[in-house]
Amino acid sequence: MNSGDAAGSSSGGSGDAGAPRRASRKPKYSKFTQQELPACKPILTPKWVISVFLLVGVIFVPIGVASLLASNKVVEIVDRYDDACVPSNVTNKLAYIQNSTISKTCRRTLKVPKDMKQPIFVYYQLNNFYQNHRRYVKSRNDQQLRDASKANETTLCDPEKTRDGMAIVPCGLIAWSTFNDTYTFQHNTNNLSIDKTDISWKSDRDHKFGSDVFPKNFQKGPLIGGKTLNESIPLSEQEDLIVWMRTAALPTFRKLYGRIYVDLKENDTITVTLDNNYNTYSFDGKKSLVLSTSTWLGGKNDFLGLAYLTVGGLCFFLAFAFTLLYLIKPRLVAYKLSYTNRIKFHR
């Protein structure tokens, strides 16, 4: 009996020895898992906080002043013409703009308020036009715009997909509603030429609109939405279309129409002959023609300068308030041991 027990115990021992040892779930020691890595823990003393606020104020205020000065150097002429170019005897503006038999030619006279150095940028501005509407933004097909072999791809282009069973190129509401007002300028009885090259993004011309894609079956329906396109010119060279199809984020926006490379003097008079074709009357929109110069900061925009001045002034105010509070009612700062030192102290 003793020998059997011994044999059993010996066999059991040999079986345990042959079984694989299970890996331990205990994580390996590391300074990261034990939170013993060296760390910088700045203590925000009153002097340190006041110094940071002063530094931010010293940096931001000059930038804000420089931005405002640059913005004030920009000369702008803004002329709203949607109401002025409708005859006074017209009561139904929508019927007037939709009647193709009526001439929409209009003349406007602009006076130059200050000297304008070339290049002078010509923009059209629309108000209350929501290019960021979800259905409007989705109504296009980028594959069709980019690749001639995808000309019949009209997915997502509702409601401007096909006409008489043939695909529309370019399809969709964005292309269909391209701005179609035109402008010509005269200065001292001399015509001013408008350079319309390179008004769109180069990346759009090279990558989003194909050089072998040509307009087809476009604006052939009963209701014309906007500009008609020359079917012999590829989409990559139709820069008015490319500019329009880069949709705006806000309901009030400007889009570049062209550039004028002539210097204009103060009190000069410019005569603008325009075709008031674009329908903004159905949605209570507004149209304006804008002539503008530019500076190193771009066009006229006071927001950036005011934002810098606001933040810088607020920092100066907080620095003064904290300094006053520190002088009137100073507080002692208690320095605490770091986490690592406290662990060592308890050990």
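Worth saying up front: this structure is predicted, and the values here are computed from it rather than measured.

**Student:** When you look at the sheet that holds strand β1 (residues 76-80) in this model, what are you seeing that I'm missing?
**Tutor:** Pairing between the strands of a sheet is mediated by backbone hydrogen bonds and can be parallel or antiparallel. Spatially, the four strands line up as an open sheet ordered β1-β10-β3-β8, and their pairing is antiparallel. Strands at the two margins of the open sheet, each flanked by one partner only, are β1 and β8 (253-260). Direction aside, neighbouring strands of the sheet carry axes that sit 20° apart on average. Bridge count between strand β3 (residues 120-127) and strand β10 (residues 286-292): seven bridges; the pairing is antiparallel. Directly across from Phe121, in β10, lies its bridge partner Ser292.

**Student:** It is not clear to me how helix α9 (residues 303-328) should be interpreted in this structure. Could you clarify?
**Tutor:** One turn of an α-helix holds 3.6 residues; hence residues three or four places apart share an orientation. When the terminal C-alpha atoms of α9 are compared, their 37 Å separation across 26 residues agrees well with the 38 Å that a helix rising 1.5 Å per residue should span. Buried positions along α9 lie against α2 (46-72).

**Student:** So what exactly am I meant to see when it comes to the pattern of salt bridges here?
**Tutor:** Here the idea is simple: oppositely charged side chains can pair when their charged atoms come close. Considering all chains together, one arrives at 16 salt bridges under this definition. Ionic pairing is found between Asp83 and Lys93, a salt bridge with its closest N-O pair at 2.8 Å. Here the residue Asp83 occupies a position in the loop between β1 and α3 (93-98), and Lys93 occupies one in helix α3, the gap between them amounting to ten residues. Judged by its relative accessible area of 37%, Asp83 falls in the partly exposed class. On the accessibility criterion, Lys93 (31% relative accessible area) is partly exposed. Ionic pairing is found between Arg140 and Asp142, a salt bridge with its closest N-O pair at 3.0 Å.

**Student:** Looking at this structure, how should I read the UniProt feature "transmembrane region" (unreviewed entry) in the protein chain?
**Tutor:** Mapped onto this structure's residue numbering, the UniProt feature "transmembrane region" (unreviewed entry) falls at residues 48-70 and 306-328. Along residues 48-70, the helical share is 100% and the strand share 0%, with 34 Å between the first and last C-alpha atoms. End C-alpha to end C-alpha, residues 306-328 measures 33 Å, and it is 100% helix and 0% strand.

**Student:** I keep staring at the packing of α2 against α9 and nothing clicks. Help me out?
**Tutor:** Angle between the axes and distance between the axes are the two parameters that describe a pair of packed helices. At a minimum axis distance of 7 Å, the contact between α2 and α9 shows a crossing angle of 155°. Comparing the axis directions of α2 and α9 gives the class roughly antiparallel. Once α2 is placed against α9, the crossing between them reads as left-handed.

**Student:** Would you take a moment to explain the environment of Gln131 for this structure?
**Tutor:** The topology assignment puts Gln131 in the loop between β3 and α4 (134-138). Residue classification places Gln131 among the buried positions, given a relative accessible area of 0%. Each C-alpha atom, one on Gln131 and one on Trp244, is 9.7 Å from the other, the two residues being 113 residues apart in sequence. Apart from the residues lying within four places of it in its own chain, the contact partners of Gln131 are Tyr136, Val137, Trp244, Arg246, Thr247, Ala248, Phe253 and Lys255. Only 3.3 Å separates the side chain of Gln131 from the backbone oxygen of Trp244, close enough to count as a polar contact.

**Student:** Any chance you could explain the packing of aromatic side chains here in plain terms?
**Tutor:** The description of two aromatic rings rests on the distance between their centres and on the angle between their planes. On inspection of all chains with the given rule, the structure shows 15 aromatic pairs. Above the ring of Tyr96, the side-chain terminus of Lys104 is found at 5.4 Å from the ring centroid.

**Student:** What am I meant to see in the state of the cysteines here?
**Tutor:** Put plainly, a disulfide is one covalent bond tying together the sulfur atoms of two cysteines. In the structure shown here, the tally under the stated rule is two disulfides. The residue that forms a disulfide with Cys85 is Cys106, at a sulfur-sulfur distance of 2.2 Å. Handedness of the Cys85-Cys106 disulfide follows from its S-S torsion of about -75°: it is left-handed. Linking Cys85 in the loop between β1 and α3 with Cys106 in strand β2 (residues 105-111), this pair joins segments that are 21 residues apart in sequence. Under the relative-accessibility criterion, Cys106 is labelled buried at 10%. Cysteine pairing in the protein chain follows 1-2, 3-4, where each cysteine in a disulfide is numbered by its order in the sequence.

Cut-offs and rules
- Residues numbered from 1 in each chain as written.
- Predicted model: local features only at pLDDT ≥ 70, side-chain atom pairs only at ≥ 80, totals over all residues.
- Heavy atoms only, no water.
- Pairing = 2+ DSSP bridges.
- Helix = DSSP H or I, 4+ residues; strand = E, 2+ residues; numbered from the N terminus.
- Axes fitted to C-alpha atoms, helices over the stretch in contact; angles between N-to-C directions.
- Expected span 1.5 Å × (residues − 1).
- Contact = heavy atoms within 4.5 Å.
- Salt bridge = Lys/Arg side-chain N within 4 Å of Asp/Glu carboxyl O.
- Buried < 20%, exposed > 50% of the residue type's maximum accessible area, 1.4 Å probe, protein only.
- UniProt positions renumbered as here; feature names shortened; annotations may be inferred.
- Parallel < 35°, antiparallel > 145°, perpendicular 65-115°, else oblique.
- Left-handed = near helix turned anticlockwise from the far one by under 90°.
- Polar contact = N/O pair within 3.5 Å; in protein donor to acceptor, adjacent residues only side chain to side chain.
- Phe/Tyr/Trp six-rings, centres within 6.5 Å; stacked < 30°, edge-to-face > 60°.
- Lys NZ or Arg CZ within 6 Å of the ring centre and 35° of its normal.
- Disulfide = S-S within 2.5 Å.

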